[in-house]
Every structure is written in C-alpha cells, then in structure tokens.
Amino acid sequence: MSTAAREFQIMVKPMGAICNLDCHYCYYLQKEFLYPKETNFRMSDEVLEKFIVQQIEAAPGPDVNFAWHGGEPTALGLGYFQTIVALQQKHRLPDKRVTNGIQTNGTLLTEEWCRFFAAEKFSVGLSLDGPRELHDGYRVDKGQKPTHKQVVRAFRLLKEHGVHCDVLCVLHDRNVRYPTQVYRFFKDLGVEFLQFLPLVERPKEPADGVGPRTVPAEAFGTFLCAVFDEWVRGDIGKIAIQIVDEAARPLAGLDHSLCIFRETCGDVPVVEHNGDFFSCDHYVEPGHRVGNIHDQHLGDLIESAKQRAFGEAKRDTLPRYCRECEVLDMCHGGCPKDRFIKTPDGEEGLNYLCAGFKRFFIHSRPYLREMVDLWEANEPIEKLMELVRAEDAKASPQVGRNDPCPCGSGRKYKQCCLKKQRAERGTRV
C-alpha cells in the first residue's frame, strides 16, 4: 500500500479519448493518436480493478473521490459503471468513504442512467454552452448535427431524479458576447451549480497567437463581471458559480479548491485507459507521461519527483509582474497551459487570460469581502443582496418604466428588472 502525502483528484479516462460527439473545440479527441496501435480503448477489467484498488490505498484522507472523464465515459454503457461500483465496494477500506463524479455530454443519458446516479449518489458534470444557437455552433455529433435538445433533456432528467448536477459552460468567441442571455438561460433552466471554462486554443501555425474560437481575454472579464453583477443582486444562495466561490476563498482564509488558481499544481493528474499516468489533463503527451500503474503504485506516481517538479514549476516560473500583482492570491498565474504571452515589461510567461481574470477579481472583491464579513459574523450571506440593491437605489437616478434597464439586458426597465421586482412582491407591472 502506498499513501499519497497530499490530497489529489485523478481524472480517469476509462474510454480514453473516444467520444460520440465531435465538438469543434475539443482538445482531447486528438489524444487517440497517442495510441496508434490501439483498436479498443475500453479500460480492461484488470486495469480498472487495479486502478480502483490503488486509488483507495493512495488516498491520504477518509474520502476517496473517483472522477470519471473522457472522451465520453457513458459510451461504455451502464453495466460498466455498475461493475465500477461493485469493485469499489469490494475493495473499500473500513476507514474510507467512496464517492463518484462523472463528466458527460449528456446525450446518452436515460431514465435508467439517472436512477443509477441517484441510487449510487454520483455527482454529474454536464457540458452545456448556453442557449441553443450558442451551444449548437460548436457542440455537434459525428454527423455535425446539433446536440442542445438532447443535453437540456439530460439536465431535466437528472434534476427530476435529484442527481447533483454541475453545468460546465465553455466560453468561446460566440457565447462570451452575451453574458446576460447566457446566465439567464441557465437560471431559467434551474441550474444551481455553474462553471465557466474559458476556451484558449493555440494554433499549430503560427507558433504564437490563439485560434479564432478562443475567448478574447477582455471579453472574458466583461462576461464574468456582468454575470457577477446579476448574481450579487439576486442569486446569492440560489446559484453557486465556481469562479465566484474561488474568488471568495482567499478572502475567507481558505485555499483554492480549483487547481488553476493554486500556487502549485500537479494534484489533478490523468490515468488513461491503459493505466498510463500523465501530469495533467492538458498535458497528456509523451513528455508528461510519468509512468503506468502496472509498474508503479498510484501513490508513488503522485509523489514522484517528476510530478512534483511539474507542479512546482507553476510557482517557480511565475513572472515578476504576477508576483507583484494585487490579486496574486486569487489567481497565482492561472493555468500553466495559458501562460504564453509577455508581460508589459517583456517578460515571458503571462497568462493569456490575465486581463479578464484581473478585471473580474478587482471588480468582485469589495462585494465578496462584505459577503465574507457576513459569513464570519454568522449572518446570512444573502443579506448582501439587500445591501447592494440599497446602494444601487441611492446611487442611481430614478429609472422610467420605458427606459433601458440599468442591468444592461437591452430590454425596457418595465420588461426586465421592474417586472422581476414586482413579481417578487406579488404586484403587477
């Protein structure tokens, strides 16, 4: 038995890069070519059992969370995951508690899948990029047909069965221009846990720059600020937004839970279908293959010198511009894969998304500091919404019913926030 000295979250790929969709921006589909001689990417029963045993043994604490990713893991079929649960129960140690999470595109989910997730208490991450016209531009099947209707159906099925569901929205060049529409779509759908993942694509030629689907850094910041402004006025306690939670954590004296904002990384490695261990989901390439669970125990791979060096490089290569930044504790340079532009001083290694992150962190920090103060005083954090709306009323001139709504939605005040306020009070517009 080999126990890791630190907490980790392994992304395991029991189907490798194989997927039933052909999302235009997917970075993982091409990983299939790492194994040119493979014809079957299904993780064998032998590898599966070895992985489950080793992850249970390696976990440093009482909780052992398995994170099933792809490709599309549900393409393996429900029976495969029933086997997973049986193996976990077979090998679970008395002092360990096993939990499961799965990331899916949702298109293969059925009532039977949802009953299984509910019974086994799986957490589900569902990929959905907003309203139909914004989602279907890039998220298509192998025949290039749209998938939005299927994914929304999956979300509703999961909700009906009481399955915890995080919605992951990839922000790209199209949907980032419509923050209010995107956020309200999720809100109206009933999403309670929301993640925004900025798309950064690097073209092969030229060597520098970004691809056309990449989210512009400034637009990314504008999007986050617009979503935050609506959330802080009406949705605290109703919708949890991952990046908002992360921005609040250092203000509350807590470590980041999301790897991209930690000082060092390397705690979210990948195990591929054949047992290969890679440093990170974004570095599944020969140079970052650390070993294989057939040859080394998972705990030893996590604690290996190569894996630790990978994680510490994030901190050690941080530019001076970042080290002196006023929001360093909120960001720590972001994900290393995106650190490829120059600082204003000409130093290499600045995050492409820096302008967006910085704008959001500075904009949200005063509000989040107030929220943390409420939390520390054992007062409801929802009280912040009342405080912000009261400040708005003092600072803003009276808005007419037919004036543009101050929230920036583009609609008249009477058809937007006034209508919402009246509905909350039970009066007519």
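Residues numbered from 1 in each chain as written. Predicted model: local features only at pLDDT ≥ 70, side-chain atom pairs only at ≥ 80, totals over all residues. Heavy atoms only, no water.

Enquirer: Residue-level account of the sheet that holds strand E1 (residues 11–12), with values.
Expert: One key point about sheets: their strands pair by backbone hydrogen bonds, in either a parallel or an antiparallel sense. One open sheet accounts for 10 strands, arranged E7-E6-E5-E4-E3-E2-E1-E8-E9-E10; its pairing is mixed. The open sheet has two edge strands with one neighbour each: strand E7 (240–241) and strand E10 (289–292). Packed onto the sheet, helix H7 (residues 217–234) meets strand E5 (165–171), strand E6 (193–198) and E7 and runs at close to 165° relative to E6. (Pairing = 2+ DSSP bridges. Helix = DSSP H or I, 4+ residues; strand = E, 2+ residues; numbered from the N terminus. Contact = heavy atoms within 4.5 Å. Axes fitted to C-alpha atoms, helices over the stretch in contact; angles between N-to-C directions.)

Enquirer: Can you lay out the packing of aromatic side chains for me, pointing to particular residues and giving the numbers?
Expert: Scanning the entire structure with this criterion turns up 26 aromatic pairs. Here Phe196 and Phe223 contribute two aromatic rings whose centre-to-centre distance is 5.1 Å and whose plane-to-plane angle is 80°, an arrangement assigned as edge-to-face. Placement of the pair is Phe196 in strand E6 and Phe223 in helix H7, with a sequence separation of 27 residues. Relative accessible area serves as the criterion here: at 10%, Phe196 is assigned to the buried category. Since its relative accessible area comes to 0%, Phe223 is described here as buried. Here Phe228 and Phe360 contribute two aromatic rings whose centre-to-centre distance is 6.0 Å and whose plane-to-plane angle is 80°, an arrangement assigned as edge-to-face. Of this pair, Phe228 sits in helix H7 while Phe360 sits in helix H13 (residues 354–376); the two residues are 132 residues apart in sequence, bridging distant segments of the chain. The class for Phe228 is buried, based on a relative accessible area of 1%. (Phe/Tyr/Trp six-rings, centres within 6.5 Å; stacked < 30°, edge-to-face > 60°. Buried < 20%, exposed > 50% of the residue type's maximum accessible area, 1.4 Å probe, protein only.)

Enquirer: Explain the pairing of strand E3 (residues 97–104) to me, using residue names and the numbers behind them.
Expert: For E3, the buried fraction is high: six of the eight residues fall into the buried class. Relative to E3, strand E2 (residues 63–68) runs parallel, the two sharing six bridges. Paired with Val64 across the two strands is Val98, which belongs to E3. Of the strand pairs in this sheet, E3 and strand E4 (residues 123–127) are connected by four bridges, and their pairing is parallel.

Enquirer: Account for the side chain of Ser279, naming residues and giving values.
Expert: With respect to the secondary-structure elements, Ser279 resides in the loop between strand E9 (276–278) and E10. For Ser279, a relative accessible area of 1% gives the class buried. Polar side-chain contacts of Ser279 include one of 2.9 Å to the side chain of Gln307. Discounting chain neighbours no more than four positions away, the residues touching Ser279 are Gly266, Val268, Pro269, His288, Val290, Gln307 and Phe310. (Polar contact = N/O pair within 3.5 Å; in protein donor to acceptor, adjacent residues only side chain to side chain.)

Enquirer: Account for helix H10 (residues 305–316), naming residues and giving values.
Expert: For H10, built from 12 residues, the straight-helix expectation of 16 Å at 1.5 Å per residue is met to within 8% by its first-to-last C-alpha distance of 15 Å. Looking at H10, one finds that the buried residues are Gln307, Phe310, Gly311 and Lys314. One side of H10 holds all its buried residues, which, seen down the axis, span an arc of 85°. Away from its buried face by more than 90 degrees, H10 exposes Ala305 and Asp316. Next to the buried residues of H10 lie E9, E10, helix H9 (298–302) and strand E11 (339–342). (Expected span 1.5 Å × (residues − 1). Arc of directions from axis to C-beta.)

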